[in-house]
Amino acid sequence: MSVLNRACPYLARTGMTALQGLADAGLSGSGMRSLSTSAVEQARCGVCPGHTGQSALLAKASECPVVGPSIRANDAAAAAKASKAVHQAPATACPYAKCADSADAKASAGANAPSKSGVAASAAAPVSHDSQEAVFDYEGQYQAKLAKKHGDKSYRYFNNINRLAGRFPQAHTANAANIVTVWCSNDYLGQSKNPVVVDAMKDALDTYGAGAGGTRNIAGNSALHLRLEAELASLHRMEAALVFSSCFVANDATISTLCSALPGCVIFSDKMNHASMIQGIRHSGAKKHVFNHNDLAHLEQLLAQYPRSTPKLIAFESVYSMSGTVGRIPEICALAKKYGAITYLDEVHAVGMYGPHGAGVAEHYDYEASLRAPVGQRIAGSLMDQVDIVTGTLGKAFGIVGGYIAASSSLVDMIRSYAPGFIFTTSLPPPINAGAVASIQYLSESQRERYLQQTHVRQLKSDLASAGIPVVPNPSHIVPVLVGDAERAKMASDMLLNEHNIYVQSINYPTVSVGEERLRITPSPGHSTAMRARLLGALDSVWNKLGLRRTTDWEREGGRCGVGESRAQWEEHVGWKRGAEYMWENHQLKQARDYEMARKGAVPITPAIPETVQQIISATMV
């Protein structure tokens, strides 16, 4: 007995009769099978909480010279049945069995159509790789996604368009001899070919080379970066600015970093905000509310749900690129002050275009005061002074590439120190920085480009209205022509290019909502009267051939996107000042014209390419 007592740790607390009964049961294969099956059941049920394999009692008992052989023999027999028996047992035996069965079924069914639940189930259950099961059809999945795009007519085709610096706004296609007129570029003012800008880039290229050399933290921080950021801060009358590789990156990195740093931050986002802002909101992990486009009552209703002490950010744009509508900046700033929020204003499609110095719509609201005050000087009480964060691009009206933010010194330094989108990417190269500085400085002084662009916009919108071509009403420089069908919008774009040598890209979902597909036209300083007449005739021809709806047709159907609606209806959401047709008012255009003529010695303001040359070019475009 003393020997067995030392060999089996259970003898000290187990009576002799009980031990003998347990051993006899093992020999008969009944009681011990039941005990062992329970152990296997626990070991196999990977979804049971607290699962650790065999119980400590059975593990110790397996070492016992008396009962150990019986446990191991019964374990081997029970293991074959365990995977079927355990989760076929009633829910009372394992309350998690139903969950496991469901997960297993989803994992099996999802072999060819994976889902999040299927992936989770696969991870939870042991998987054998010894079978001949087929691998996932990756290429098939890619093709299925593309087929969906083709099916709903939202597949995107990229045209081969090569803009010619010496013949702006013209380009050649894949065939260099095929010259087309571009009517949809975001190089709004033609700055990409401005000799002042090009020469600055050439000088920087010769002096500093082509590349940046690394991130700003390693080898990519130069005097030109600092100069560019100083110019941007001065333009927006802010304390500091920070340059990014693009404005998509600027919005994503800034919003995600800022709002994740503010404890419990809540974001209020306009329904029509750009994808870059939406991406930043997602990455921030902050709670968000989406308010209807330019709907101040809806925004205030959402803001009022939270105490003033809760950090809040209102994200919106000054000019919405696909509709041309304008954000209600003064009213939103007032709501932000009332409810303790900060404002995040995207001026991407407005910088260079509005205000006496090209700082954007916020500057244009205080046109006279901005004209009098030196650039860089704070104007107390101005709208620019009420905006907390401005984001903009160097890749549209400024004609280069890159994005930026401008704000207080502490906010900019915080983003510089924490934003992965800034820290871990190669900085803009010296020629880009030099060209951007030159473009900002040039447009801060020159009114010629803005004057020509705005007068051309007015003339084109008037011509299209007379022809019944449906233009989405707005006070900005964007000319959205409503088609209302993805397939026919693409057909219209193709016909303009192939039959009329005019390039206007069609816009479809997800850039705009389904049923609101359109052609987006952006007149520039270089588009002449002859070019405009040619565009008008081409659009009229395409509308007739495709049977597209004109303004009166939309009106009979109740209107859409402001087309065919009364002014009282569409003025609710277009923004800007009520009753004003355009942001650039008549007296401001006259002022800009007089300023330029005085600056240039009474030389008339004409398009970049003289009219006679344009007519010759147009005549050869058959």
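About the criteria used
- Residues numbered from 1 in each chain as written.
- Predicted model: local features only at pLDDT ≥ 70, side-chain atom pairs only at ≥ 80, totals over all residues.
- Heavy atoms only, no water.
- Helix = DSSP H or I, 4+ residues; strand = E, 2+ residues; numbered from the N terminus.
- Buried < 20%, exposed > 50% of the residue type's maximum accessible area, 1.4 Å probe, protein only.
- Contact = heavy atoms within 4.5 Å.
- Areas by Shrake-Rupley, 256 points an atom, 1.4 Å probe, with all protein chains shown as cover.
- pLDDT = per-residue confidence, 0-100.
- Salt bridge = Lys/Arg side-chain N within 4 Å of Asp/Glu carboxyl O.

## What about the overall build of the chain?
Per the secondary structure count, the chain includes 27 helices and 14 strands. Within the span of the chain, comprising 622 residues, buried residues form 48% of the whole. Within the chain, counting contacts between residues at least 6 apart in sequence, those at least 24 apart form 69% of the total. With the model as given, the accessible surface of the chain reaches about 29100 Å², and the carbon-plus-sulfur share is 55%.

## Thoughts on the confidence of the model for the chain
Summarising the model, the chain shows a mean pLDDT of 84, and 76% of its residues fall at 70 or more. Per-residue pLDDT stays below 50 along residues 25–56; that stretch engages in 51 contacts with residues further than four places along the chain or on separate chains. Confidence drops under pLDDT 50 across residues 608–622; counting only partners more than four residues distant or on other chains, this segment forms 27 contacts.

## Some details on unusual backbone geometry
Omega for the bond connecting Phe 168 with Pro 169 falls within 30 degrees of zero, at 10°, which places this linkage in the cis form. Position of Pro 169 among the secondary structure elements: in the loop between strand 1 (162–163) and strand 2 (170–172). Located in the positive-phi region is Arg 237, a residue other than glycine, with phi close to 55°. By relative accessible area, Arg 237 is classed as buried at 9%.

## So, the pattern of salt bridges
Pairs may arise between side chains of opposite charge once their charged atoms sit close together. Per the stated rule, a full pass over the model turns up 23 salt bridges. For the salt bridge of Glu 231 with Arg 227, the shortest nitrogen-to-oxygen distance reads 3.6 Å. Taken together, the positions of Glu 231 and Arg 227, both in helix 10 (residues 223–235) and four residues apart, correspond to about one turn of that helix. In this structure Arg 227 comes out as partly exposed when scored by relative accessible area, which is 44%. Across the pair Arg 593 and Asp 594 runs a salt bridge, and its minimum N-O distance is 3.8 Å. On the accessibility criterion, Arg 593 (35% relative accessible area) is partly exposed. Overlapping salt bridges, with partners in common, bring together Arg 567, Glu 571, Glu 572, Arg 578 and Glu 581 in one network.

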